[in-house]
Amino acid sequence: GVAAVASEAAVSHLDGDGDHPATNGHADTTKDLEKSPVVKLLSPVRTGVGETSTSTGTSMEERNGSNVAGPPPDSSQTKKSLRVWDYVCAELGLSVGAREDDPDMAVARERVFDIIWHIPLEFERLNFYGGMLCMDATLGVVTSLPVRVVCQTARLIMSPALGVVTKVGELVSPSPSTKTRGGNTDQWRKPRGNSHSGPSRKRRTWGFHPYAREHLSDSLWLLMLIAAFTAVKLVDVSVVYHYIRGQEVIKLYLACSVLECFDKLCCAFNCHVLDALQNSVYILVNTAQEDGSTADLINATFQLAFDAALTLAATCAHAAIMLTHAVTLSVAINSHTNAMLLVLISNNFGEIKSHIFKKMDAAKLFSVARLDIVERVHLSICLVFVAAQRVTAAGSVAGGLTRKMLKDSLMVLSSEIVVDVFKHAFMSKFNNIRPKVYRGFLRQLCREHVKLAQSYRLHRVVGFVPLAPAAVLISVLPDLYRTLFPSIGSIGFDLDDPASNVAKNARLEAGVSGLTWPPVPDPSSFAAYVLFFATLVAFKLAFGVALHWLGAHMLETLHGVEHGGSAST
C-alpha cells in the first residue's frame, strides 16, 4: 500500500514537471520512476552483511527502538504434511515414535505419592496427637478439676485464719521494722488518710486473695459438669432408645445429619461462651480487688450470672445432643440388619462433597483438621458409651462385647478414618498444599499445648470442650463399675445377703421408712471408690506429664512450616 501511494506520487510528480509526459513508453516511465527521489527513498539498499533494509524501516526502527519482524516463513516449510502410512505406523506401534522428556511427569509422580502416603501420614499423626490432647482434657475434667476446687477452697478458708494468727503474732512480739525511730509504739498502726507516702488502704475482700480468679473459674467449670451430668441422668435412655428404634431408616438418616450438625455448632459456640465466662470472672475479681464502687460490683456480678446461665444452658444442650447421638449409634449397632449402620456410614461420605471442591487455604484447612479431630473423639466417646451400655445390660464383658458389636464399631470408626484421609488428600491436591503444611499444624498444636496452664482448657487449642463428653461418660461408668466389680461396687443392702435383709426388716418393723432412711454406704465400698479415684488422678498426672514431654520434644524436632506460612510450596 505504501509502495503504491509512492508510485502514484512519483507519476504525478513527473506529469507535473512536463519533462517526461505520461504518454511515453513503458521503459521511459520506469527509468523516470527510478530517478524519482520518492522511489529512491523507498528502494531497498544493501547492507554490509547482505541483508536488505529500507531507510524508512531504519528510521522507524530508530524511532520506535524495536526490531522490525521479518517476513513470515513459507507455509510449505513450517507445515509438514503427515502421510497416512506414517500415522498408521505411529498409531499401531510399527515405528518408533518420538519420546518427550516432560519435567512435569516427575512432579505428577510426587503429587501421587503425596496423596496416597505423605498427606495421610501427616494428617493421622496430627489427629493422633490431637486425640491424645482431648483424652487428657477429659481426664482432667473428671480428676484434676475436683481436686483443684477442693485445694483452692481449703486455701481460701485457711487464709483468714492464717491472717489472724499473723496479726496476733505481730501484736505479741512486734518486729523492729514496725517500730518508729523514736520508739513510740503507738505509731505501729498504718496511717489513715490519703497520704501518698504510705500504701493505699484497701478492703480485705474475697477478691484480694491471689487464688480468687482461679477458684471462681474452676468452681464454675465444676458446676457446669455437675449440671450436665444431672441433665444426662434425667433422660431415660431406654425411652429414647425404643423411640429411635421405631423410626424409619430415612428418618434415622436425617436425625444423624441433624445431630452431627448441632454437635459441631454446640462445640464451636461453647468455646466462645467459656471464653466470655472467663472474661466475666476476670472483670468481677478485678473490680473486687480495686475496691470499685457498688454499682460496678453489681454490674460485674450480673454479667457473670448471665454468662454462667448461658454456659450452663449450652453445656446441658450439648450433653443432651451427644447422648442422643450415642443412643442412635447404639440402635444402629444393635439392629439385626445392617441397613441403619450403612445409613450412618454413608452419612460420613457427605463430607467429601462439602469440602473437596471448595477453595481452601492454610487457615481454613487447619480449621477443618481441628473439626475432624473433635468429631473423631466424639465418635469414640459414643462408641465407649455403647459398649458400656451393652456390658451393663449383659452383666459381663463377654456377653456385651460380642463379635458383631466389635465388627460394627470397627466399621464405623474405620469409615470415619477413611473419609477424613480421603477428604484431606484431595483437598490438598486441588489446592496445591504440600504435606509439610500439616507438620506446621502439628507444631502449632504442640506450641499451644506446652503453653497451656490447665489441660481441660483445651478449647483454646483444638476447639474441644470436654464438659459434655465427660458428663456422658460419667453417667455410664458407675453402672459399668458395679457390673465389673459387684462385690466391691455394692452400696447399701445386698439382696442376696440374709444378714442385710434381716437388718432391713428390723428397721422397717421399727417404723423407719426406706425413703427416710437412705442406705448407709459400706466402708469397704467407699474405700474402693476413693482408691479408684486416686488411681485415676495418678494416671492422669502421669499421662499429662508424658504428653507435655512429647509436645516439647516434637516442637524441637519438627521443622515444618508455621501456620501462617506459604501453603503452596
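Please read these numbers as outputs of a predicted model, since none were measured by experiment. (Residues numbered from 1 in each chain as written. Predicted model: local features only at pLDDT ≥ 70, side-chain atom pairs only at ≥ 80, totals over all residues. Heavy atoms only, no water.)

## Regarding the overall build of the protein
And then number 1: Across its full length, the protein holds 21 helices and two strands.
And then number 2: Scored against the burial criterion, the 569 residues of the protein give a buried share of 34%.
And then number 3: By sequence separation, contacts in the protein at least 24 residues apart represent 84% of the contacts at least 6 residues apart.
And then number 4: Surface accessibility of the protein: about 34,600 Å² in total, with carbon and sulfur atoms responsible for 64%. (Helix = DSSP H or I, 4+ residues; strand = E, 2+ residues; numbered from the N terminus. Buried < 20%, exposed > 50% of the residue type's maximum accessible area, 1.4 Å probe, protein only. Contact = heavy atoms within 4.5 Å. Areas by Shrake-Rupley, 256 points an atom, 1.4 Å probe, with all protein chains shown as cover.)

## Observations concerning helix α12 (residues 339–348)
Think of an α-helix as 3.6 residues a turn; residues three or four steps apart then line up on the same face.
And then number 1: In terms of residue burial, α12 counts as a mostly covered element, since seven of its ten residues are buried.
And then number 2: Turning to α12, its buried residues number three or more, namely M340, L341, V343, L344, I345, N347 and N348.
And then number 3: Structurally, α12 contributes buried residues whose contacts are with α9 (237–245), α10 (249–289), α11 (294–334), α13 (350–356) and α16 (403–430).

## A look at the packing of aromatic side chains
And then number 1: Scanning all chains against the criterion turns up nine aromatic pairs.
And then number 2: Seen from their ring centres, Y481 and F532 are 5.2 Å apart, and the 40° between their planes marks the pair as tilted. Of this pair, Y481 sits in helix α18 (residues 467–484) while F532 sits in helix α21 (residues 523–557), and the two are 51 residues apart along the sequence.
And then number 3: Assessed through its relative accessible area of 11%, Y481 is described here as buried.
And then number 4: We classify F532 as partly exposed; its relative accessible area is 41%.
And then number 5: An angle of 20° between the planes, with centres 6.0 Å apart, marks the rings of F539 and F543 as stacked. Of this pair, F539 and F543 are both found in helix α21, four residues apart, which corresponds to roughly one turn of the helix.
And then number 6: These aromatic residues form a ring-pair network of at least three members: F123, F366, Y438 and F441. (Phe/Tyr/Trp six-rings, centres within 6.5 Å; stacked < 30°, edge-to-face > 60°.)

## Observations regarding the pattern of salt bridges
And then number 1: Tallying each qualifying case throughout the model produces 20 salt bridges.
And then number 2: Put simply, R111 and D114 hold a salt bridge, and the shortest N to O gap is 3.5 Å. With R111 and D114 both in helix α7 (residues 104–172) and three residues apart, the pair spans about one turn of that helix.
And then number 3: On the basis of relative accessible area, D114 is assigned to the buried category, the value being 4%.
And then number 4: With its nearest N and O atoms 2.8 Å apart, the salt bridge here joins E122 to R125. On the criterion of helical spacing, the pair formed by E122 and R125 is a turn pair, its members being three residues apart in helix α7. (Salt bridge = Lys/Arg side-chain N within 4 Å of Asp/Glu carboxyl O.)

## Re the nonpolar core
And then number 1: Core analysis: the largest hydrophobic core is formed by 96 residues, its most contacted members being L126, Y129, L329, L445, L458, V462 and L467.
And then number 2: With 16 residues, the single largest contributor to this core is helix α14 (residues 362–394).
And then number 3: Contacts of L458, omitting those with residues within four sequence positions, involve L133, C134, A137, L452, G463 and F464. (Core = buried A, V, L, I, M, F, W, Y, C linked by side-chain atoms within 4.5 Å.)

## Details of empty space enclosed by the protein
And then number 1: Counting across every chain of the model gives one cavity of 30 Å³ or more.
And then number 2: Here the largest cavity is characterised by a volume of approximately 30 Å³.
And then number 3: S217, W221, L274, L277, Q278, V281 and R457 together form the lining of the largest cavity.
And then number 4: Broken down by element, the lining of the largest cavity gets its largest block of residues, four residues, from α10. (1 Å grid on protein atoms, 1.4 Å probe; cavity = no way out; pocket = protein on both sides within 12 Å on 5 of 7 lines; lining within 4 Å. Points joined across faces, edges and corners; volume = space filled by probe spheres on them.)

## Structural notes on a nonpolar patch on the surface
And then number 1: There is a patch of nonpolar side chains on the surface, built from V112, F113, I116, W117 and L121 and spanning about 500 Å² of accessible area.
And then number 2: With a relative accessible area of 45%, V112 lands in the partly exposed category. (Patch = residues over 30% accessible without salt bridge, like charges linked within 9 Å, V, L, I, M, F, W, Y side chains within 5 Å.)

## Here we look at the side chain of E416
And then number 1: Within the fold, E416 resides in helix α16.
And then number 2: Nearest to the buried, unbridged E416 among oppositely charged side chains is R376, at 5.6 Å. (Lys, Arg positive; Asp, Glu negative; His and termini not counted.)

## Observations regarding the side chain of S415
And then number 1: By secondary structure assignment, the location of S415 is in helix α16.
And then number 2: For S415, a relative accessible area of 8% puts it in the buried group.

## Some remarks on the packing of α11 against α12
And then number 1: One way to put it is that α11 packs onto α12 with a least axis distance of 7 Å and a crossing angle of 130°. On the basis of their axis angle, the class for α11 and α12 is oblique. Both α11 and α12 take part in a crossing whose hand is left-handed. Every residue of α12 that contacts α11 at T328, L329, V331, A332 and I333 is listed here: M340, L341 and L344.
And then number 2: Counted by class, the contact of α11 with α12 contains seven nonpolar, one polar and no charged residues. (Axes fitted to C-alpha atoms, helices over the stretch in contact; angles between N-to-C directions. Parallel < 35°, antiparallel > 145°, perpendicular 65-115°, else oblique. Left-handed = near helix turned anticlockwise from the far one by under 90°. Nonpolar A, V, L, I, M, F, W, Y, C, P; charged D, E, K, R; others polar.)

## Brief notes about the environment of V412
And then number 1: Here V412 shows up in helix α16.
And then number 2: Linking V412 and L342, residues 70 residues apart in sequence, is a C-alpha distance of 8.9 Å.
And then number 3: Once residues lying within four places of it in the same chain are set aside, the contact partners of V412 are L329, L341, N348 and L379.

## With respect to the environment of K407
And then number 1: Within the secondary structure layout, K407 lies in helix α16.
And then number 2: Separated by 74 residues in sequence, K407 and I333 place their C-alpha atoms 9.4 Å apart.

## Re the packing of α11 against α18
And then number 1: Put simply, α11 and α18 touch, their axes get as near as 8 Å, and they point 55° apart. With respect to each other, α11 and α18 are oriented oblique. Remark: the crossing between α11 and α18 carries right-handed chirality. Listed contacts from α18 to T315, H318, A319, M322 and L323 of α11 are L467, A468, P469 and V472.
And then number 2: Tallied by class, residues from the contact of α11 with α18 come to seven nonpolar, two polar and no charged.

## Remarks on the state of the cysteines
And then number 1: Applying the stated rule across the entire model yields zero disulfides.
And then number 2: No disulfide involves C134; its nearest neighbouring cysteine sulfur is the one of C267, lying 8.6 Å away. (Disulfide = S-S within 2.5 Å.)

## Here we look at the confidence of the model for the protein
And then number 1: Across the protein, pLDDT averages 75, with 67% of residues at or above 70.
And then number 2: Contacts from residues 33–70, a stretch scored under 50 in pLDDT, to residues over four places away or in other chains number 31 contacts.
And then number 3: Note on residues 491–519: pLDDT under 50 across the span, and 17 contacts to partners over four residues away in sequence or across chains. (pLDDT = per-residue confidence, 0-100.)

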